[in-house]
Amino acid sequence: MLAVAGAVCAQAQSIVAMSRAPKTPATSASPGGQDNCKRRLTDRFLGQRYGPAVRSQLTRAVMHDRIRLVHAGVPVTPDYRPDRLNLIIDRQQTIMAIRCG
């Protein structure tokens with residue numbers, strides 16, 4: 001019984017520690033500093049309204065089409081792909097952040 005309580009306590013402490021970890025900046029590359037998704041080439045798209053023309057320009061800029069739209073506040077699948085760009089957009093389709101993953 002004590003072993004189970006200790007394991008639960010350790011797991012809870014781990015979760016609390018993770019929640020206190022610094023948040024990843026909105027314009028981050030992959031963990032480890034690698035830029036597999038070519039995020040460094042996308043700064044000029046922040047604040048633009050997403051649409052077919054912007055997607056075409058973005059695809060040409062990063063030289064791939066592995067782009068996922070993420071609506072702010074809406075859950076997404078947790079599958080991490082370091083070579084994919086995630087565009088975080090608001091209700092007006094404005095690109096708020098760009099991340100690898």
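Conventions we followed
Residues numbered from 1 in each chain as written. Predicted model: local features only at pLDDT ≥ 70, side-chain atom pairs only at ≥ 80, totals over all residues. Heavy atoms only, no water. Salt bridge = Lys/Arg side-chain N within 4 Å of Asp/Glu carboxyl O. Buried < 20%, exposed > 50% of the residue type's maximum accessible area, 1.4 Å probe, protein only. Core = buried A, V, L, I, M, F, W, Y, C linked by side-chain atoms within 4.5 Å. Helix = DSSP H or I, 4+ residues; strand = E, 2+ residues; numbered from the N terminus. Pairing = 2+ DSSP bridges. pLDDT = per-residue confidence, 0-100. Contact = heavy atoms within 4.5 Å.

## What about the pattern of salt bridges?
- Scanning the model with the defined rule gives six salt bridges in all.
- Close ionic contact of Asp35 with Arg40 constitutes a salt bridge, the shortest N to O distance being 2.8 Å.
- Judged by its relative accessible area of 56%, Arg40 falls in the exposed class.
- Arg81 is the salt-bridge partner of Asp83, the closest N and O atoms lying 3.4 Å from each other.
- Residue class for Arg81 comes out partly exposed when judged on its relative accessible area of 33%.
- One connected set of salt bridges, linked through shared partners, spans Arg66, Arg81 and Asp83.

## Comments concerning the nonpolar core
- Formed by 14 residues in total, the largest nonpolar core has its most connected members in Phe45, Tyr50, Leu58, Leu85, Leu87, Ile95 and Ile98.
- Those elements that place two or more of their residues in this core are helix 2 (52–62), strand 2 (85–89) and strand 3 (95–100).
- Of all the elements, helix 2 adds the most residues to this core, at four residues.

## A short note on the environment of Arg55
- Locating Arg55 in the fold gives a position in helix 2.
- According to the relative accessible area criterion, Arg55 is partly exposed, its value standing at 28%.

## A few points about the pairing of strand 3
- Pairing of strand 2 with strand 3, which is carried by five bridges, proceeds in the antiparallel orientation. Bridge assignment links Ile88 to a residue of strand 3, and that residue is Ala97.
- Adjacent in sequence and paired antiparallel, strand 2 and strand 3 are bridged by five residues, among which Gln93 carries a positive phi angle near 70 degrees.

## So, the confidence of the model for the chain
- Here the chain averages 76 in pLDDT, while 67% of its residues score no lower than 70.
- The weakest mean pLDDT in the chain belongs to helix 1 (residues 2–20) at 40; the strongest belongs to helix 2 at 96.
- Low pLDDT, under 50, characterises residues 1–30; the predicted model gives this stretch 20 contacts beyond four residues in sequence or across chains.

## A few points about unusual backbone geometry
- Not every positive phi belongs to a glycine, and Met63 is a case in point at roughly 60 degrees.
- Examined against the element boundaries, Met63 turns out to sit in the loop between helix 2 and strand 1 (67–71).
- A relative accessible area of 61% means that Met63 is categorised as exposed.
- Despite not being glycine, Gln93 has its phi angle at roughly 70 degrees, a positive value.
- Relative to the elements of secondary structure, Gln93 occurs in the loop between strand 2 and strand 3.

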